[in-house]
Amino acid sequence: MDPNPEPASSGDENNNAVLEHRSFARIGFLGNPSDVYFGRTISFTIGNFWASAKLEPSEHLLIKPHPFHDLVRFDSLDNLVCRLKSEGYYGGVRLLMAICKVFRSYCKDNDIHLHDRNFTLSYDTNIPRQTGLSGSSAIVSATLSCLLDFYSVFKTVLLKSMVVVLFTCKEHMDRVGYGIYTIMDINLLPPLHLIYTENPSDSGKVHSTVRRKWLDGDEFIISSMAEIAKLAEEGRTALLNKDYTKLKELMNRNFDLRRSIFGDECLGAMNIEMVEVARKIGAAAKFTGSGGAVVAFCPDGPSQVKLLEEECKKAGFIVEPVKLVPTRLNNSDLKKKKKKKKKKKKKKILI
């Protein structure tokens, strides 16, 4: 199967086309993956997991709940409570509704005319929940691609619109500013492995009071975030030079800094254990995002990978090779999307 398929369509291309798009999970490899702290990050998409969206023209505008992720029918009250404890209150419908709202607002604000035909929107995903693999963003991205095709909106608005989506409102986006993106060759990356569990902790809890302290000017938080941002720049140099010894050092330092900022209670015992299991056999390890999954690098090769698999099995964790997926954008595309603002900008390195 093509890991990065072209969008599928059927029927009349103008009025009756059924549109489907897929977006892949993302690993934040080095740096700070959260835009709210500015800084830099190296990140890449992986073919291990993805989300897809499907848009079908219809008489009324309908958002279809997912049969599993938006479950509203239960066997009993206890079943309902158990489900809420493990999965939370929110599914993907809110994401589909949110991107529809943001997309419409963006087009209105920018005098982009949209036709008045309606559609039925649905989604599917196999990205594990609460693993820091950008599962929600993948659903949003796939849905946005469907909307862009359905309304024949020029796709150079994609990157800019995604920034709006991630911050939920245009006012916040304007205050934060836009990212600067640089594309790198995915072949620079060494073999990596993904570690996760079937019952992850909530990665959303990790931000707790840190954001408030950062806004209040806490010197420790600000200096630590600045150092994390610097790790991405150093990581880029290490990759270009194929200095994998340095890369291992940077990955471990990245996690250690995050741990010192948020604290063990906030990160969660299981998340920390995944990192420690990898480090136990000499591998480098850090979160893929805010927590819930770990990306590991075994510099000693296959023998070390085997040890990693054995230790993860003992601990009850799932481990699998990272399948890299190249971005479809190129540096020429990104230059067209740069916003000329005299604000601080987050630098992202896309692999």
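Residues numbered from 1 in each chain as written. Predicted model: local features only at pLDDT ≥ 70, side-chain atom pairs only at ≥ 80, totals over all residues. Heavy atoms only, no water.

The chain goes by GHMP kinase N-terminal domain-containing protein in an unreviewed UniProt entry, where it is assigned to Brassica campestris.

Draft legend 1. Region of the structure containing the pattern of salt bridges. Under the defined criterion, the tally for this structure stands at 10 salt bridges. Here E227 and R253 are joined by a salt bridge, their closest N and O atoms 3.0 Å apart. Taken together, the positions of E227 in helix α7 (residues 219-240) and R253 in helix α8 (residues 244-262) put the pair 26 residues apart, joining distant regions of the chain. Judged by its relative accessible area of 31%, E227 is partly exposed. For R253, a relative accessible area of 35% puts it in the partly exposed group. Overlapping salt bridges, with partners in common, bring together E234, K246 and E249 in one network. (Salt bridge = Lys/Arg side-chain N within 4 Å of Asp/Glu carboxyl O. Helix = DSSP H or I, 4+ residues; strand = E, 2+ residues; numbered from the N terminus. Buried < 20%, exposed > 50% of the residue type's maximum accessible area, 1.4 Å probe, protein only.)

Draft legend 2. The arrangement of unusual backbone geometry in detail. Positive phi, normally seen in glycine, also occurs at S134, with a value near 60°. Structurally, the position occupied by S134 is in the loop between β4 (118-125) and α3 (135-150). Of the residues examined, S134 reaches a relative accessible area of 17% and is grouped as buried. Its identity as a non-glycine residue notwithstanding, S152 has a phi of 50°, on the positive side. Tracing the backbone through its elements, the reader meets S152 in the loop between α3 and α4 (157-167).

Draft legend 3. Local environment of the packing of aromatic side chains. Applying the stated rule across the entire model yields nine aromatic pairs. An angle of 35° between the planes, with centres 5.6 Å apart, marks the rings of F103 and Y151 as tilted. Residue F103 is located in helix α2 (residues 93-109), and its partner Y151 is located in the loop between α3 and α4; the two are separated by 48 residues in the primary sequence. Pair check on accessibility: F103 and Y151 agree, each one buried. Through a chain of ring-to-ring contacts, three or more aromatic side chains come together here, namely F103, F119, F150 and Y151. (Phe/Tyr/Trp six-rings, centres within 6.5 Å; stacked < 30°, edge-to-face > 60°.)

Draft legend 4. A look at the sheet that holds strand β6 (residues 192-196). Taken in spatial order, the four strands make up an open sheet running β7-β8-β6-β9, and their pairing is antiparallel. The sheet is open, and its two borders are formed by β7 (284-287) and β9 (318-321), each paired with just one other strand. Pairwise comparison of adjacent strand axes, ignoring direction, gives a mean angle of 25° for this sheet. Pairing geometry for β6 and strand β8 (residues 293-297), over five bridges, is antiparallel. Looking across to β8, one finds that Y196 is bridged to A293. This element, helix α11 (residues 302-315), spans β6, β8 and β9 of the sheet and lies at about 5° to β6. (Pairing = 2+ DSSP bridges. Axes fitted to C-alpha atoms, helices over the stretch in contact; angles between N-to-C directions. Contact = heavy atoms within 4.5 Å.)

Draft legend 5. Structural context of the packing of α2 against α3. Contact geometry for α2 and α3: axes closest at 9 Å, N-to-C directions at 45°. As the angle between them shows, α2 and α3 are arranged oblique. In terms of crossing hand, the pair formed by α2 and α3 is right-handed. Between α2, through L95, L96, I99, C100 and F103, and α3, the contact on the second element is made entirely by S136, I139, V140, T143, L144, L147 and L148. (Parallel < 35°, antiparallel > 145°, perpendicular 65-115°, else oblique. Left-handed = near helix turned anticlockwise from the far one by under 90°.)

Draft legend 6. Broad picture of the side chain of E320. Along the polypeptide, E320 turns up in strand β9. No salt bridge is formed by the buried E320, whose closest oppositely charged neighbour, K323, lies at an N-O distance of 5.7 Å. A distance of 2.8 Å separates the side chain of E320 from the side chain of N48, its partner in a polar contact. Filtering out sequence-adjacent residues up to four positions away, E320 remains in contact with N48, F49, H193, L194 and Y196. (Lys, Arg positive; Asp, Glu negative; His and termini not counted. Polar contact = N/O pair within 3.5 Å; in protein donor to acceptor, adjacent residues only side chain to side chain.)

Draft legend 7. Structural view of α3. Between the first and last C-alpha of α3 there are 23 Å, a value that for 16 residues agrees with the 22 Å anticipated at 1.5 Å per step. The element α3 is extensively covered by neighbouring structure, given that 12 of its 16 residues are classed as buried. Buried within α3 are the following residues: A138, I139, V140, S141, A142, T143, L144, S145, C146, L147, L148 and F150. Downstream of α3 by one or two residues, S152 has phi in the positive range, about 50°. (Expected span 1.5 Å × (residues − 1).)

Draft legend 8. Local environment of the side chain of T288. Relative to the helices and strands, T288 is located in the loop between β7 and β8. For T288, a relative accessible area of 0% puts it in the buried group. From its side chain, T288 meets the backbone oxygen of G132 in a polar contact 3.2 Å long.

Draft legend 9. Spatial organisation of the nonpolar core. Among the nonpolar cores identified, the biggest contains 87 residues, and F29, I46, F103, L194, I195 and M225 are the most heavily contacted of them. Looking at this core element by element, the count peaks at nine residues for α3. For I46, the residues in contact, after removing those within four places along its chain, are F24, A25, I27, L133, L194, V322, K323 and V325. (Core = buried A, V, L, I, M, F, W, Y, C linked by side-chain atoms within 4.5 Å.)

Draft legend 10. A look at the pairing of β4. Of all eight residues in β4, six are buried, a share of seventy percent or more. One ladder, built from eight bridges, connects strand β2 (residues 40-58) with β4; its direction is antiparallel. Residue pairing across strands places E56 opposite T120, the latter belonging to β4. Direction of pairing for strand β3 (residues 62-63) relative to β4: parallel, over a ladder of two bridges. Within β4, the residue paired with I63 across the bridge is L121.

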